[in-house]
Amino acid sequence: ITDGGMVEFLPWNEEGFQHELKLRYEAQIPYVTGSLAAHECCAISAHNARKDQVVNEHKEKRRVLLEQDSGMLCGRTLSIGKDGFGRTYWKFKADKALFICTSDESISWRRYVDPEVIASIIIALGKEPITSELKHAFPEATALLKGRKWVQLLLKRQFIKENTKREIEKSKQDLADNVEEEYEDEEPYQVGEEVLVESRCGRMLWNASILAVSHNSVDTDKVNGYRIRYKGWSSRFDEWVTPYRVVEPVDNNLSIQQEMIQDLQNGKLNLPKQLRGMNARRHVNSPDRARGSLRVPDFMDIARITPSSSSLEISLGVGRAGLLLIEAALPDGAVDTSWGYSLSAAWRNVVQTAAGPSTLMACVFLLEEHIDPEWMDPHMVHLLACLPQRWKAIREATVSSLCLRITMLDQCVQYDAIEHLNHMANKNESTSGSGTAYNNTSSTTNTKGKK
C-alpha cells in the first residue's frame, strides 16, 4: 500500500468482498486484507500486552523499593544496588550515611555523611541505574541537586578548611615565639657541660655534652643554638639543636628520662591487643626481674593468631601469651627457690604447646604455687580464693574461666613491690650499723630545673 491516506475496511460478505477488492485493485485504491474483527482483536491484544508489561515493570520496581526500605528498617544488610564498576551502595537504619563497598583485591568500605558529598556522588554516577535508588534513599542530597547547591557547599567547606590550616600554622608560630621568649632570660649552658637533649619527637631525653654555643648576630647575649654530642655516639651524629630542647640533668629530669625509657621499652613489646591492659606489661622490662638475663619472648608468635583463626584458637593463644607475660614480669624474689631454670623452662614449654584450657589452667595453678605470698595483694588474694577449687577448675576448665583466672593473678601480683622491700632491707642494714644504706627510691625534686 503506497498511499498514506485513510484505509477503509472491506465488507464482510464474500461476494461483496471480492467485488470491492477487484475494484480497488484496478483503481489502485488503498486496501487492507482481513476482516474488521481480526484487526480489532490484534489491536486489543497488542494494547493489553503493552499495558501488562508496564504494570509488571512498575510492580517489580515497587517490590525492590519496598524490600530495600524494609531491610533498612529492620536492620538487614541489604544493599541499595551496584554500579557499573561493581561497587555496592549501602544504607543502614542506625546511620544516615552512605556506605560504598569496593572489592577489587581486598574489601574496603567508604562512609559519606554530608548531603553535599552524597549529591556529588550521585552526579558522578551519571545515568547509572543506581542513581534513582540513591535519590530515593537520600532526599536531602537530592534536594541539593537543584540549582547545583551542592557545589557551593563543597566550595565553602574547602574555604573553611584553608582558613583552619592558616589558623593552625599561626598558633604553631605563636607557640614557638613564646617558647623562645621563655628561654631568652635563662642562663646559657657552657661548653663541655653535661646536659639532656630532648628528641625531635619529644618522647626521649638523650645524654649529651655541649661542644659549641651559637649567639645571635645582633644580640650577642642571646643564644640561638647549641652544638651537642650524644654520649656514646660518634661525632657523625653531632648536631645543632635549639635552646628549648636542652635541659639540665637534675634529679627530676633524670626521673623523667627513666620513665621515657620504660615507656619506649613497653611500646616495643609485640603484644596482642587483648593484653595491653595487663599490669605485667608495664613491668616486664623493669630491672631486677626473676627471669634474670632471659630475653622477653615474642608474645604474638606465642599467641599464633592468624586471620583464619577461630575465636577459640584466638582466646587460647591470648591466654598462653598472657600467662607467659605474667611469668616474665615477676620481680626478683617473688618466686621460691624451687622455681629454678629447669622447672621454669619446662613450664614455659608446656604453656606454649598447651592445646586446651585444662592444661593452661594447671599451669596457672603451678605458677601460683611458687609465688611468695608477700608479693601478692591481700585484697586480691581474697577475691582469688572465691574462685572454684583447683581440682574443680581444672576438670571443668573453659576459655572464659581461664581468662578470668589469668586476669585475677595479674591483679594479685605486686610487680613494683621490689622497690619497697629493697628500701626496707637497706633501712634495716643502716639501723644495725652494717653500713650506709642505699635507697633506690630516693625522692626527686619537684622542679625541673631548666625543663
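Residues numbered from 1 in each chain as written. Predicted model: local features only at pLDDT ≥ 70, side-chain atom pairs only at ≥ 80, totals over all residues. Heavy atoms only, no water.

A.B. asks: Tell me about the side chain of Arg289, and name the residues and values.
C.D. replies: Relative to the helices and strands, Arg289 is located in the loop between α7 (251–267) and α8 (299–303). There is no salt bridge for the buried Arg289, and the closest opposite charge comes from Asp288, which lies 6.7 Å off by N-O distance. (Helix = DSSP H or I, 4+ residues; strand = E, 2+ residues; numbered from the N terminus. Buried < 20%, exposed > 50% of the residue type's maximum accessible area, 1.4 Å probe, protein only. Lys, Arg positive; Asp, Glu negative; His and termini not counted. Salt bridge = Lys/Arg side-chain N within 4 Å of Asp/Glu carboxyl O.)

A.B. asks: Tell me about helix α9 (residues 311–329), and please be specific about residues and values.
C.D. replies: Residues spaced three or four apart along an α-helix point in a common direction, a consequence of the helix completing one turn every 3.6 residues. The end-to-end C-alpha separation of α9 is 27 Å, in line with the 27 Å expected for 19 residues at 1.5 Å each. Of all 19 residues in α9, 14 are buried, a share of seventy percent or more. (Expected span 1.5 Å × (residues − 1).)

A.B. asks: Residues and numbers for the sheet that holds strand β2 (residues 88–92), please.
C.D. replies: Hydrogen bonds between backbone groups are what pair the strands of a sheet, and the pairing can be parallel or antiparallel. Across the sheet, four strands lie side by side as β1-β2-β3-β4; this open sheet has antiparallel pairing. Only two strands of the sheet have a single partner each, and these edge strands are β1 (81–82) and β4 (107–112). Note: β1 against β2, two bridges, orientation antiparallel. Bridging across to β2, Gly81 finds its partner in Tyr89. (Pairing = 2+ DSSP bridges.)

A.B. asks: An account of the side chain of Arg245 is needed here, citing residue identities and associated values.
C.D. replies: Tracing the backbone through its elements, the reader meets Arg245 in the loop between β8 (239–241) and β9 (246–247). Buried charged residue Arg245 carries no salt bridge. Nearest counter-charge: Glu239, at 4.0 Å. If near-sequence neighbours (up to four positions away) are discounted, Arg245 is found in contact with Leu196, Val197, Glu198, Ser199, Arg200, Tyr230 and Glu239. (Contact = heavy atoms within 4.5 Å.)

A.B. asks: Summarise the packing of aromatic side chains; cite the residues concerned and give the values.
C.D. replies: Taken as a whole and judged by the stated rule, the model has four aromatic pairs. Geometrically, the ring pair formed by Tyr189 and Tyr226 is edge-to-face, given 5.7 Å between the ring centres and 70° between the ring planes. Here Tyr189, found in the loop between α6 (149–184) and β5 (194–198), pairs with Tyr226, found in strand β7 (residues 223–230); they are 37 residues apart in sequence, far enough to count as distant. Note on accessibility: Tyr189 and Tyr226 belong to one class, buried. The interplanar angle of 65° and the centroid separation of 5.6 Å between the aromatic rings of Trp339 and Trp347 together place this pair among those described as edge-to-face. Note on accessibility: Trp339 and Trp347 belong to one class, buried. The lysine or arginine in question, Lys91, covers the ring of Phe138, its NZ or CZ lying 4.9 Å from the ring centre. (Phe/Tyr/Trp six-rings, centres within 6.5 Å; stacked < 30°, edge-to-face > 60°. Lys NZ or Arg CZ within 6 Å of the ring centre and 35° of its normal.)

A.B. asks: Please provide a residue-by-residue account of unusual backbone geometry, values included.
C.D. replies: For Arg148, which is not glycine, the phi torsion reads 55° and is therefore positive. Mapped onto the elements, Arg148 comes out in the loop between α5 (139–143) and α6. On the accessibility criterion, Arg148 (51% relative accessible area) is exposed.

A.B. asks: Any details on the pairing of β7? Residues and values, ideally.
C.D. replies: Here strand β6 (residues 205–215) runs beside β7; their pairing, made up of seven bridges, is antiparallel. Among the inter-strand pairings, Ser209 is bridged to a residue of β7, identified as Arg229.

A.B. asks: Quick one: what's the story with the confidence of the model for the chain, residue by residue and with numbers?
C.D. replies: Residues of the chain with pLDDT of at least 70 account for 77%, and the chain-wide mean is 78. Counted against residues more than four places away or in other chains, residues 1–10, with its pLDDT under 50, gives 15 contacts. Note that pLDDT drops below 50 for residues 430–451; the model gives that stretch 37 contacts with residues more than four away or on any other chain. (pLDDT = per-residue confidence, 0-100.)

A.B. asks: Describe a nonpolar patch on the surface, naming the residues involved and giving the relevant values.
C.D. replies: Residues Trp206, Trp233 and Phe237 make up a contiguous nonpolar surface patch of about 330 Å² in total accessible area. If you trace the backbone, Trp233 turns up in the loop between β7 and β8. (Patch = residues over 30% accessible without salt bridge, like charges linked within 9 Å, V, L, I, M, F, W, Y side chains within 5 Å. Areas by Shrake-Rupley, 256 points an atom, 1.4 Å probe, with all protein chains shown as cover.)

A.B. asks: How would you sum up the nonpolar core? Please name residues and give values.
C.D. replies: What tends to happen in soluble globular proteins is that the nonpolar side chains get buried as a cluster. Leu323, Ile326, Trp347, Leu367, Ile371 and Leu409 are the most contacted members of the largest nonpolar core, which totals 45 residues. Those elements that place two or more of their residues in this core are α8, α9, α10 (341–353), α11 (357–370), α12 (378–385) and α14 (399–412). Counting residues per element, this core draws most heavily on α9, which supplies nine residues. When residues no more than four places from it in sequence are discounted, the contact partners of Trp347 are Leu323, Leu324, Glu327, Trp339, Cys363, Leu366 and Leu367. Grouped together as the second largest cluster of nonpolar side chains are 17 residues, Ile100, Leu134, Ala137 and Ala141 included. (Core = buried A, V, L, I, M, F, W, Y, C linked by side-chain atoms within 4.5 Å.)

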